[in-house]
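Inside the fold
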Amino acid sequence: MADTTWLTLAPAFLLGLTGLLVLYVDSIGHSTKGPIAVLSLLGSLGVAGVAIALPDVLGLGPAGWSFVSVTLLAMFALALFVEPGSQNRRLIAGLSTAGAVGALGVAAAFLFTFDGEPVNPFGDALVVDGMSLFFAVIVASVTAMVTVASYNYIAEHSYQAEYYALVLLAATGMTLMASANSLVTVFVALELASLPSYALVAFLKENKGSVEAGLKYFLVGALSSAVFAYGVSLVYGATGSLQLTAVQNAVTGEFTGMLGMGVVMVVGGIAFKTASVPFHFWAPEAYEGAPAPISAFLSSASKAAGFVIAFRVFTEAFLQVSESAGEFLVLGADWVLVFQILAVVTMTLGNLAAVTQDKVKRMLAYSSVGHAGYVLMSLAALSGGGATATAKIEAGQFVLAGGMMHLFVYGFMNTGAFLFIALAEYWDVGRTFEDFTGLGRQAPVASVAMTVFMFSLAGLPPFGGFLSKYLLFGATVNSGFVWLAAVAIVNSAVSLYYYSKLVKALWFDERPDDKKPLEISSRPTGLYAAVIFAAVVTTAMYGVFGPVSDAAVEAAAALL
Amino acid sequence: MAVDTTYYLILSAAVFCTGLFGILTRRNALLFLMSVELMLNAANINLVAFSQYYGNLTGQVFALFTMALAAAEVAVGIGIILVLYRNFEDVDVADAATMRW
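This text gives an overview of the structure that appears in the document. (Residues numbered from 1 in each chain as written. Chains lettered and ligands numbered in written order. Predicted model: local features only at pLDDT ≥ 70, side-chain atom pairs only at ≥ 80, totals over all residues. Heavy atoms only, no water.)

1. Structural notes on the overall build of chain A
Summing up its helical and strand segments, chain A has 20 helices and two strands in all. In terms of overall dimensions, chain A has C-alpha extents of about 75 × 70 × 40 Å along its principal axes. Looking at chain A residue by residue over its 560 residues, the buried ones come to 62%. Across chain A, contacts joining residues at least 24 apart in sequence account for 80% of those joining residues at least 6 apart. On chain A, roughly 18500 Å² of surface is accessible, and the fraction owed to carbon and sulfur atoms is 68%. (Helix = DSSP H or I, 4+ residues; strand = E, 2+ residues; numbered from the N terminus. Buried < 20%, exposed > 50% of the residue type's maximum accessible area, 1.4 Å probe, protein only. Contact = heavy atoms within 4.5 Å. Areas by Shrake-Rupley, 256 points an atom, 1.4 Å probe, with all protein chains shown as cover.)

Here it is as C-alpha cells:
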C-alpha cells in the first residue's frame, strides 16, 4: 500500500503548482507554443502509461501517478489557451485565482471533514491537523482576494507572471509554515514565504518608495532569519533534536542557559514575521512602500503564518504540562513573560503610532502592528487559568482559539482595508487623510466597504472584528489576565479614534480648497469584487462565527 | 583527537557577534549582506559541532539546508541592491530614506 499521507498537503501543493504553471504559461507565451504543447502531451501520456503499468515506481502509488499525469495534462490543455507574444494577463490572473480558490476549497473541505487525528506526511517533519488546515484556509482566502485585486492593480506593469508566481509561492510557504512540525521545516517554510515577499515588496522597481521598502524589509528579514537560525542551532545544541515534540522530551536540567538563549532568539524570528516589537520597524516602511495588494497579503497572510509557527513551536516544543503540580512548565526562558511584555509594548506602540499618522496606508500599517499585539495575548495568557492542570489546559485552548479567530477575521477585514487603499492608488487619489475627503460621494460602494473594515478593525458590533476581539479578550480574562485585557481594551478605544478619522474623512469632511477635485472615471472590476467580498464576509461573520470558532477550539485542543 | 564542543560554541559565538557588529555599524548594503552570511555560518558551525557531539545527522542536514537558503537569500538580496543602485545611485543603506524610519 503506497503512502498517500502527502495528499493531505494538497492545499500547499495546489498553490505551489499553480505558481509554476503561471510561469510555464508565461514562458510559452514568449515562444512558439507548438513544440512545447506536443512535448507536454507526450510527457503526460508517458507518465500516465507508467502509472498504469507500474504503479509502485518511486513509491508514488496510483494516486501520486494520477496526480502527476493530471498536472501534465493540464499543462498541455493550458498551452492551447496561450496566445504567443502576449502577456496573457487574463489567463494568468484567472489561473492564479483558480489555484488559490482551489486550495481554499480543499483546505476548507479537509477542515470540516477532519476526524481529529493528525496526519504526519514525510515522517514527523510536517503535520496536518486542525490548526494547519485552519490557517491554510486563512492564507488561501487572502491569496484569492489579492490575486483578484491584482488583476487591475498591476495591469500596466510588465513581469505579471512573475508577480503572480511569487504571490503563489509565498502562499505555499505560508501554508507549509502552518504544517511545519520541526524546527528545520519551520525555517525552510519561513524562508520560502519570505524570499518571494522581499521581491514582491520591491516589485515596482522604478518607484523609489517600493525599492526602499523592499530593501528595508529584506535587511530586517535577513537579520532576523539569521538570529532565528542561530537560535535553532542553540536549541539543537541543548536538546540534540529539532523535531518539536522530541525537543520537548529531550529537555533536561543540563544546558538551560543555552536553551534559554535559543528560545529568546526564536522569539526574535517570530517577532519579525508577525511584525511585533522588537522586529516591527520594517512593517510601516514595507507596508507603505509596497504595492497595496502586497501590503494586504503580507499584513494578513504572512502575519497569520508567523503566528501559527509561534503557536505550534511554543506549545509543542517549549511547554510541558505537569499533571501532578497542576501547572505548565515553561522550558528554556520564561517566554510567557516575554510574550506578556511584547504584547503590551506591541499593541501600545502600534496604536499610539497609528494615531499620529497623516498618511492612510501608514496608519493601517501601524494598526497592523497593534493587532499583532492583540494576538500575542494568546501566548502571553497561557500560564493562567485555574489551579488544576485540566483547568489550565481548557483556559489555554480557549485563549489560543481566540487568537486564531482574530487572525481569521483579520484576514478579511485587514485585506479588505488594504485593497481599498489599492483602489485609491489605482485612482491616484493620494495618500493622506485629506486626499480621501469626499470619496464617499464619488465611490459610495467602496467607501461603505471601507467603513465596515474600519469599524470592524476597531472592534465595533455588529461586525466580525467585534466577535473575535470579544472572544480573545474574554478568553484572556478567563485565564486570569484581567490587566492584559484591560490594556487591550484601552488600546482598542484609542484605535477607534484613528479608524473613525478615516471614516469621517470619507463621508463628512469638506475637501480642502487646495486639493484637486477627485476624478474617478473607472470602476475596476477585480478590485471592487475583492473589496466587496471582504466586506460581505466581515459583516456576515455572525452567521459563520459559531462553526469556525468550533474549528479553532478543536485546532487549539490538539496543541495542549 | 576530538576538539571539545565548547570551543566550537565559542568560535560560533564570536563569528555571530562579528556579523552582528557589522550589521550595526556598516552602511554599505553589500557589507550588510556579508555580515548576515557570517551570522548564518555561525549557526552552521554550531549545527555541525553539535551534530558530532550527539552523534546524529540532524544538525549536519540542517546545515546543508541553511547553506542553500543563504545562497537563495543572497540572490534575492543582490537583486534588491541592484534596483536600489539604479534608483538611488548608491548602495548606502541610509540613503534610501524617502520615508521616515
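2. A few points about the pairing of strand 2 (residues 327-330) of chain A
Two faces belong to every sheet, and in a regular strand the side chains alternate between them. Residues and elements named next belong to chain A. Here strand 1 (residues 319-322) runs beside strand 2; their pairing, made up of four bridges, is antiparallel. Looking at strand 2, one finds that Gln 320 is bridged to Leu 329. The antiparallel hairpin formed by strand 1 and strand 2 contains four residues in its connecting segment, where Gly 326 sits at a positive phi of about 70°. (Pairing = 2+ DSSP bridges.)

3. Points about the interface of chain B and chain A
Taken together, the contact pairs 43 residues of chain B with 47 residues of chain A. Of the roughly 3900 Å² buried at the junction of chain B and chain A (both faces included), carbon and sulfur atoms supply 75%. Applying the counting criterion to the chain B and chain A interface returns zero salt bridges. In this assembly, chain B and chain A are joined by nine residue pairs in polar contact (both at pLDDT 80 or more). Only helix 1 (5-25), helix 2 (29-54) and helix 3 (58-88) of chain B provide two or more residues apiece to the side of chain B that touches chain A. (Buried area = accessible area lost by both parts, 1.4 Å probe. Salt bridge = Lys/Arg side-chain N within 4 Å of Asp/Glu carboxyl O. Polar contact = N/O pair within 3.5 Å; in protein donor to acceptor, adjacent residues only side chain to side chain.)

4. A look at the nonpolar core
In terms of nonpolar packing, the biggest core is built from 234 residues, with Phe134(A), Phe135(A), Phe311(A), Phe314(A) and Phe318(A) touching the most fellow members. In terms of residue count, helix 15 (residues 389-427) of chain A provides more of this core than any other element does, 21 residues in total. (Core = buried A, V, L, I, M, F, W, Y, C linked by side-chain atoms within 4.5 Å.)

5. Regarding the environment of Leu467(A)
Residue and element names in this part refer to chain A. Within the fold, Leu 467 resides in helix 18 (residues 464-478). Between the alpha carbons of Leu 467 and Ile 393 there is a distance of 23 Å; along the sequence they are 74 residues apart. Not counting chain neighbours up to four residues away, the residues in contact with Leu 467 comprise Met 541, Tyr 542 and Phe 545.

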